[in-house]
Amino acid sequence: MGTMVQSYKLEEVDFRGSQFKEHESDIKGNNEVLSITRPDIISEIHKSYLDAGADIIETNTFSANSISQKDYNLEKFSYELNKSSAEIAKSQAVKYTDTPRFVAGAIGPTNRTASLSPDVNDPGYRNIDFDTLKESYKEQALGLVDGGVDLFLIETVFDTLNCKAAIFAVQEFFKRSGKILPVMISGTITDASGRTLSGQTAEAFWYSLRHAKPMSPTRCARTRFRA
């Protein structure tokens, strides 16, 4: 989704739209806000994947959580971003009747990590806690479900504790709402060491999360960083 959005070479005015014309912060690069300000572009991207034969498309909600949106002073719009994004994806998916098409509610890792300190001089310091993550993820899950997603995709996990908070939030939502959806989990292996950023091997990552009984095995993407 992010790569596709970048191909449009959008400017600040596209991200602001009329809705955030007077917003106090720059919001260029906040792809998730486009679900409100440029839904035509997000719809077009979804359509391109569906035309190519995708059975599942994911919502434009990778960073649509209140924690990440705080960087743009848009944290209070988290629910709206998720609901709008889900509605856009669903409105495209239902147009295809050749084979069932599904919408996955994308839940990204946030821009914080619960397992590691952001201060090398204070390894015990954390700038986020489990409960804060859980509540942010739960708000995101509510917006996605209200928008009509068919399943959840907890994706691009670099810190297992963050992922556990997302799982806990989703399961808590299931328990309170009585509505249960399938869950997929996607982890990220950061380099040739074969470990996540927080230090787990793919096997250890799986054992940490298999209690969630995801509908698909963990998919680990390796990312190589170069100077």
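Note that the structure is a prediction, hence the values are computed from the model and not measured.

### So, helix H7 (residues 130-147)
Helix length check: H7, at 18 residues, gives a terminal C-alpha distance of 26 Å against a target of 26 Å (1.5 Å per residue), a fit within 8%. Packed against the buried residues of H7 are helix H5 (66-69), helix H6 (78-93), strand E2 (102-107), strand E3 (151-157) and helix H8 (160-177). Between the side-chain oxygen at the start of H7 and the backbone nitrogen of Asp 131 there is a gap of 3.2 Å, and the oxygen is on Asp 129.

### Quick look at the packing of aromatic side chains
A full pass over the atoms with the stated rule returns four aromatic pairs. When the ring of Phe 130 is compared with that of Phe 168, the centres are 6.0 Å apart and the planes differ by 65 degrees; the resulting orientation is edge-to-face. Remark: Phe 168 occurs in helix H8 and Phe 130 occurs in helix H7; sequence separation between them is 38 residues. Take Phe 130: its relative accessible area is 29%, and that puts it in the partly exposed class. Aromatic pair Phe 173 and Phe 174: ring centres 6.3 Å apart, planes at 55 degrees, arrangement tilted. For Phe 174, a relative accessible area of 10% gives the class buried.

### Topic: the side chain of Arg 16
In this structure, Arg 16 sits in helix H2 (residues 12-16). The exposure class of Arg 16 is buried, given its relative accessible area of 12%. Excluding residues within four positions of it along the chain, Arg 16 makes contact with Lys 21, Glu 22, His 23, Ser 25, Asp 26, Ile 27 and Thr 37.

### Overview of unusual backbone geometry
Backbone geometry at Lys 9 places phi at a positive 50 degrees, although glycine is not the residue there. Following the sequence through the fold, Lys 9 ends up in the loop between helix H1 (2-6) and H2.

### Some points on the pairing of strand E4 (residues 183-189)
The buried fraction of E4 amounts to seven of the seven residues, a majority that puts the element mostly inside the structure. Side chains of E4 alternate between two faces, with Val 183, Ile 185, Gly 187 and Ile 189 and Met 184, Ser 186 and Thr 188 buried alike. Pairing of E3 with E4, which is carried by four bridges, proceeds in the parallel orientation. Counterpart to Phe 152 in the pairing with E4 is Val 183. You can see the chain leave E3, run along H8 and come back into E4, and the turn it takes is right-handed.

### A closer look at the nonpolar core
Phe 152, Ile 154 and Ile 185 are the most contacted members of the largest nonpolar core, which has 35 residues in total. Mapped by element, the contributors of at least two residues to this core are H6, E2, H7, E3, H8, E4 and helix H9 (202-209). Ranked by the residues each element gives to this core, the list is headed by H8, at eight residues. In this structure, Phe 152 is in contact with Gly 105, Ile 107, Ala 141, Leu 144, Val 145, Val 170, Phe 174, Leu 181, Pro 182, Val 183 and Met 184, ignoring residues within four places of it in sequence.

### Some remarks on helix H4 (residues 39-51)
In a regular helix each residue adds 1.5 Å, so 13 residues correspond to 18 Å; H4 covers 18 Å between its end C-alpha atoms and thus fits that length. What H4 keeps buried is the set Ile 41, Ile 42, Ser 43, Ile 45, His 46 and Leu 50. Residues of H4 that are buried in the fold lie against H1, helix H3 (34-37), strand E1 (56-58) and H6. Positioned one or two residues after H4, Gly 53 has a phi angle of 105 degrees, which is positive.

### Thoughts on the packing of H7 against H8
The contact between H7 and H8 brings their axes to 8 Å, and the two run at 50 degrees. One finds that H7 runs oblique with respect to H8. Between H7 and H8 lies a crossing whose hand is right-handed. Residue-level inspection shows Phe 130, Leu 133, Lys 134, Glu 135, Tyr 137, Lys 138, Leu 142 and Val 145 of H7 in contact with H8, the latter providing Leu 161, Asn 162, Lys 164, Ala 165, Ala 166, Phe 168, Ala 169, Glu 172, Phe 173 and Arg 176. In terms of residue class, the contact of H7 with H8 is built from 11 nonpolar, one polar and six charged.

Cut-offs applied
- Residues numbered from 1 in each chain as written.
- Predicted model: local features only at pLDDT ≥ 70, side-chain atom pairs only at ≥ 80, totals over all residues.
- Heavy atoms only, no water.
- Helix = DSSP H or I, 4+ residues; strand = E, 2+ residues; numbered from the N terminus.
- Expected span 1.5 Å × (residues − 1).
- Contact = heavy atoms within 4.5 Å.
- Polar contact = N/O pair within 3.5 Å; in protein donor to acceptor, adjacent residues only side chain to side chain.
- Phe/Tyr/Trp six-rings, centres within 6.5 Å; stacked < 30°, edge-to-face > 60°.
- Buried < 20%, exposed > 50% of the residue type's maximum accessible area, 1.4 Å probe, protein only.
- Pairing = 2+ DSSP bridges.
- Right-handed = clockwise from strand over helix to strand, strands pointing away.
- Core = buried A, V, L, I, M, F, W, Y, C linked by side-chain atoms within 4.5 Å.
- Axes fitted to C-alpha atoms, helices over the stretch in contact; angles between N-to-C directions.
- Parallel < 35°, antiparallel > 145°, perpendicular 65-115°, else oblique.
- Left-handed = near helix turned anticlockwise from the far one by under 90°.
- Nonpolar A, V, L, I, M, F, W, Y, C, P; charged D, E, K, R; others polar.

Everything listed here is a matter of geometry and, on its own, says nothing about what the molecule does.
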